[in-house]
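# Report on the structure
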Amino acid sequence: MSNFDEEDKTIYKVVLNHEQQYSIWPKDRENALGWFNEGKTGTKQECLDHIDTVWTDMRPLSLQKQMAQAQN
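Attention in this report is confined to the structure presented alongside it. (Residues numbered from 1 in each chain as written. Predicted model: local features only at pLDDT ≥ 70, side-chain atom pairs only at ≥ 80, totals over all residues. Heavy atoms only, no water.)

Along its length, the chain carries 2 helices and 3 strands. In terms of overall size, the chain is more extended than a compact globule, its C-alpha atoms giving a radius of gyration of 15 Å where 72 residues would be expected to give roughly 11 Å. When the backbone C-alpha atoms are referred to their principal axes, the chain occupies close to 60 × 20 × 20 Å. In the chain, which comprises 72 residues, the proportion classed as buried is 21%. (Helix = DSSP H or I, 4+ residues; strand = E, 2+ residues; numbered from the N terminus. Rg over C-alpha atoms; globule rule 2.2 N^0.38 Å. Buried < 20%, exposed > 50% of the residue type's maximum accessible area, 1.4 Å probe, protein only.)

Spelled out as structure tokens, the structure:
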């Protein structure tokens, strides 16, 4: 049996950076510099499903703000 066939039993957390971009990280590991806990933890699929629900605008926050200012 290869590692790819084994079930991933890792508990993940959803993390967010200053540009409001999302990622997942193993819950028991310290966040990478610049990433903050978003609040959701669970299986990999649960975390990815959560991100699919909440991350509706893939543009970085700085670009969103720049485009909003250009419209005014």
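When you line up the elements, Glu19 lands in the loop between strand E1 (12-17) and strand E2 (22-26). Beyond its immediate chain neighbours, meaning those up to four positions away, Glu19 contacts Pro60, Leu61 and Ser62. (Contact = heavy atoms within 4.5 Å.)

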